[in-house]
Amino acid sequence: MFNAPRRMGGATLAQSAFLNSSAGGNTYTDPLASSTPNPASFGDVDPWSAAPSPARSGTPRRDSMDEEAVQPQLLPAAVGPKAGLGGFIDDPPTLYLSLHDQLEPSTSGEVSLSSVHRLLSTSKLPAATIEKIVNLTSHDKNSLSRRELFCSLALVALAQSLPDDDLDISIERLSASIPNLPLPRLSVPPASSTLRTGYNLSSPGPDPGSASPWDTTGNQNGNSHHRDQSAISSGSGAYNGDRANPEAEAERGYWKRLETVEVTLIAEKEGWFLQKYRVESDKRSGEVVSRRYSDFVWLLDCLSKRYPFRILPALPPKRIGPDAQFLEQRRRALRRFMNMIVNHPVMKDDGALNVFLTHTDFEAWRKRTKVSTEEESASKQLNPAQEMAIPADLDEKLGVLRDRLPSMLASYQKLVILAERSLGRLQAAAADASRFALSTHTVAEEMPTCCYRNTPGGGACSLCSGVARGFGEIGESWTRVAEEGEKRAGVILLNSIEALKTQRDLYLAFRDLFARHDRLSKDSVDSLRKKVESRQKKIESLRAAQKPGWEVEVDKLVAAIDQDNSTINSLLRRRVFIRACMWHELSVVFHSRQSAQATLGWREFAGHEAEASKAVGAVWESLSERLEAMPVE
């Protein structure tokens, strides 16, 4: 119950034919289909992508670095658990916690290098000192963990307490200064308003104020993509075949009426290890509820039994001793899971789903309430119009998708991997831009003092001073480039990658639907018909022989035949209902989601990329103009 089924059809995702182009006789294996990016170079892989976890190599990341790199430096031998620098970092002053929160760290608690640079730049310390502090704590990474940030703040406090001519900043000296260390004098500079939300796209691009339209948690305003709706309505023939399908027609523009469910991780654990999630819907009344992972498993189990022939997303797995990266990836997967379910045209009205989203004392409700898991075909009946709407060639239509699904799924898996690689490169580029800024600011401070014309009590060299001012301008430009890179990485992480995974989840869900259909659509109609024929023959023989008591035996056989015929009729109605469900999921749910999410999403992505290019181009264009005044000789 606590471990959600992976529903992979026996083989893992990386081993299955869905990701291996060698299936079907071709000996060529696509390298992207089974590759996983190096976490030290290309960002984090989806931890349940079925590929083995990559070995950590190169520059260690936060979780391994905390134990291998920081502890030998930050945790000197001490008498008690709270003694020395280690105890100070574990229990920092309130100011440290406040500064950490104001920097808007990621869900894993890490702060980008550009944000740390902006903060330390307010310390009024020499650029060389700031650069040394960053190098001591960042270890060539793109971001700083909570402990590393606190160490940076402590080093700033140490540097501010030393005389101006004393530049000896080290971890050892900081550890010795802990008892008398003052608070750092810092202030969080105002970041760009689009740092976390993306770029301000002008018309006719998409509106960034709404959520990504290709994510299933998309636009709620309904007024951001009028031209997109008109393009889908009249500019494409994708919906022309749905004019005669009222259910498909009703789903048009579904992306403007989406319900959004937010799933956030609750920091405090229940007991020793039980992690809970805060679940909140924007369209259902009630308080914000908290749910355990096993509650999500219960919900999927109920829905799988009630709606076996509907598109159901998969749950992310459970792991013993998960790290922060895994918990964040699972939180996002749970968010995609919930938003796919609450926006399904049939399952969104399910009673168990509503209780899951609104009932505060959910565990007590589960204990005292017996929930019906009866299949929907037992309580729902099709009207004649719905039965007539099922096409005669439904099996052929499903067969086309079944044949093409492996290729589409493999392509989206590759897109997810490539997007994660791109994110890793962007984060690394933004961190390198911050390092460029640090080094150029250091050069700007040191260059005038290195000139032979700079004598004690004499005037400074005008040439070197002018070049130093130019280096200052260059450093400021690199700082802005780092901020723009951080914005772009945030857009890709929050919108693009999650949207690609949402689209991938849709194909995975339909693949699982095919597997459930093959397993659960079988019935005993043929065997029951044979029983009826056998009993009818026996009745005829009993009537012909007319032995004593034959009337009672015939009555028993007739009652059994009536019961079998009733069961046969119920099973035949179930067959029709299953076909209606498969047609609905194919023509209404899958068709609309596949098309609209992809079209609107790539439009938004293109708009964000265009705006990002303009922003970076404007930085260099402005620098080029200012450097015209930088002296040459």
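For the structure given in this document, a descriptive report is provided here. Since the model is a prediction, treat every value here as computed from it, not as a measurement.

Quick notes on the rules
- Residues numbered from 1 in each chain as written.
- Predicted model: local features only at pLDDT ≥ 70, side-chain atom pairs only at ≥ 80, totals over all residues.
- Heavy atoms only, no water.
- Pairing = 2+ DSSP bridges.
- Helix = DSSP H or I, 4+ residues; strand = E, 2+ residues; numbered from the N terminus.
- Axes fitted to C-alpha atoms, helices over the stretch in contact; angles between N-to-C directions.
- Contact = heavy atoms within 4.5 Å.
- Core = buried A, V, L, I, M, F, W, Y, C linked by side-chain atoms within 4.5 Å.
- Buried < 20%, exposed > 50% of the residue type's maximum accessible area, 1.4 Å probe, protein only.
- Salt bridge = Lys/Arg side-chain N within 4 Å of Asp/Glu carboxyl O.
- Phe/Tyr/Trp six-rings, centres within 6.5 Å; stacked < 30°, edge-to-face > 60°.
- Lys NZ or Arg CZ within 6 Å of the ring centre and 35° of its normal.
- Parallel < 35°, antiparallel > 145°, perpendicular 65-115°, else oblique.
- Left-handed = near helix turned anticlockwise from the far one by under 90°.
- Nonpolar A, V, L, I, M, F, W, Y, C, P; charged D, E, K, R; others polar.
- Disulfide = S-S within 2.5 Å.
- Expected span 1.5 Å × (residues − 1).
- Arc of directions from axis to C-beta.

### Brief notes about the sheet that holds strand β3 (residues 261-265)
Turning to step 1, where the next piece is worked out: Strand order in the open sheet formed by 3 strands is β3-β4-β5, and the pairing between neighbours is antiparallel. Bordering the open sheet on either side are β3 and β5 (289-292), each of which pairs with just one other strand. Averaged over all pairs of adjacent strands, the angle between their axes in this sheet comes to 35°, without regard to strand direction.
Turning to step 2, where the next piece is worked out: Bridge count between β3 and strand β4 (residues 276-281): 5 bridges; the pairing is antiparallel. Considered in β4, the bridge of T264 is made with R278.
Turning to step 3, where the next piece is worked out: Helix-sheet contacts for helix α12 (residues 293-306) involve β3, β4 and β5, and the interaxial angle to β5 is about 85°.

### Side note on the nonpolar core
Within soluble globular proteins, side chains that are nonpolar generally end up buried alongside one another.
Turning to step 1, where the next piece is worked out: Grouped together as the largest cluster of nonpolar side chains are 35 residues, with contacts concentrated most on F88, Y96, L153, L174 and L181.
Turning to step 2, where the next piece is worked out: For this core, the secondary structure elements donating two or more residues are α4 (84-90), α5 (94-102), α6 (113-120), α7 (127-138), α8 (146-161), α9 (171-176) and α17 (394-450).
Turning to step 3, where the next piece is worked out: For this core, the element with the highest residue contribution is α8, accounting for 10 residues.
Turning to step 4, where the next piece is worked out: Beyond its immediate stretch of four places on either side in the chain, L153 contacts Y96, L99, L119, P184 and L186.
Turning to step 5, where the next piece is worked out: I311, Y412, A489 and L586 belong to the second largest nonpolar core, which has 34 residues in total.

### What to know about the pattern of salt bridges
Turning to step 1, where the next piece is worked out: According to the stated counting rule, one finds 31 salt bridges in the structure shown.
Turning to step 2, where the next piece is worked out: Notably, a salt bridge pairs R292 with E363, separated by 3.8 Å at the nearest N-O pair. Placement of the pair is R292 in strand β5 and E363 in helix α15 (residues 362-368), with a sequence separation of 71 residues.
Turning to step 3, where the next piece is worked out: Each of the salt bridges in this network shares a partner with another, and the network as a whole consists of R310, E376, K380 and E585.

### Some points on the packing of aromatic side chains
Turning to step 1, where the next piece is worked out: All told, the structure shown has 15 aromatic pairs when counted by the stated rule.
Turning to step 2, where the next piece is worked out: For the pair F362 and W365, a centre-to-centre distance of 5.8 Å together with 20° between the ring planes defines the contact as stacked. Of this pair, F362 and W365 both sit in helix α15, 3 residues apart, which is roughly one turn of the helix. Like W365, F362 is buried.
Turning to step 3, where the next piece is worked out: Connected via pairs of aromatic rings, a cluster forms that spans Y277, F296, W298, F356, F362 and W365.
Turning to step 4, where the next piece is worked out: The lysine or arginine in question, R330, covers the ring of Y293, its NZ or CZ lying 4.8 Å from the ring centre.
Turning to step 5, where the next piece is worked out: Over the ring of Y254 we find R593; its NZ or CZ atom is 4.1 Å from the centre of that ring.

### Observations concerning the environment of E473
Turning to step 1, where the next piece is worked out: Along the chain, E473 falls in helix α18 (residues 462-520).
Turning to step 2, where the next piece is worked out: Along the sequence, E473 and M630 sit 157 residues apart, while their C-alpha atoms lie 9.7 Å from each other.
Turning to step 3, where the next piece is worked out: When residues no more than four places from it in sequence are discounted, the contact partners of E473 are L623 and R626.

### Here we look at the packing of α7 against α17
Turning to step 1, where the next piece is worked out: It is the contact of α7 with α17, at a shortest axis distance of 8 Å, that shows an interaxial angle of 150°. The angle between α7 and α17 places the two elements in the roughly antiparallel class. The two elements α7 and α17 meet at a crossing, and its hand is left-handed. The segment α7 lies against α17, with A127, A128, I130, E131, V134 and S138 engaging R435, L438, S439, H441, T442, E445 and E446.
Turning to step 2, where the next piece is worked out: Across the contact of α7 with α17, the residue classes break down as 5 nonpolar, 4 polar and 4 charged.

### A look at the state of the cysteines
Turning to step 1, where the next piece is worked out: Within the structure shown, the criterion is met by 0 disulfides.
Turning to step 2, where the next piece is worked out: C451 takes part in no disulfide bond, and the closest cysteine sulfur to it belongs to C464, at a distance of 3.6 Å.
Turning to step 3, where the next piece is worked out: You can call C451 buried: its relative accessible area is 10%.

### As for helix α19 (residues 525-545)
Turning to step 1, where the next piece is worked out: The end-to-end C-alpha separation of α19 is 30 Å, in line with the 30 Å expected for 21 residues at 1.5 Å each.
Turning to step 2, where the next piece is worked out: For α19, the set of buried residues is V525, L528, V532 and I539. Along α19, the residues classed as buried sweep out an arc of 60° about the axis, all on the same side. Away from the buried face of α19 by more than 90 degrees, exposed residues D526, K530, K537 and A544 are located.
Turning to step 3, where the next piece is worked out: Following α19 by one or two positions, Q546 adopts a phi angle in the positive range, close to 50°.

### Re the packing of helix α13 (residues 324-342) against helix α14 (residues 351-358)
Turning to step 1, where the next piece is worked out: The geometry of α13 relative to α14 is characterised by a closest axis approach of 12 Å and an angle of 135° between their N-to-C directions. On the basis of the axis angle, α13 is oblique to α14. Viewed along their axes, α13 and α14 form a crossing whose handedness is left-handed. On α14, the residues that touch M338, I341 and V342 of α13 are L353, F356 and L357.

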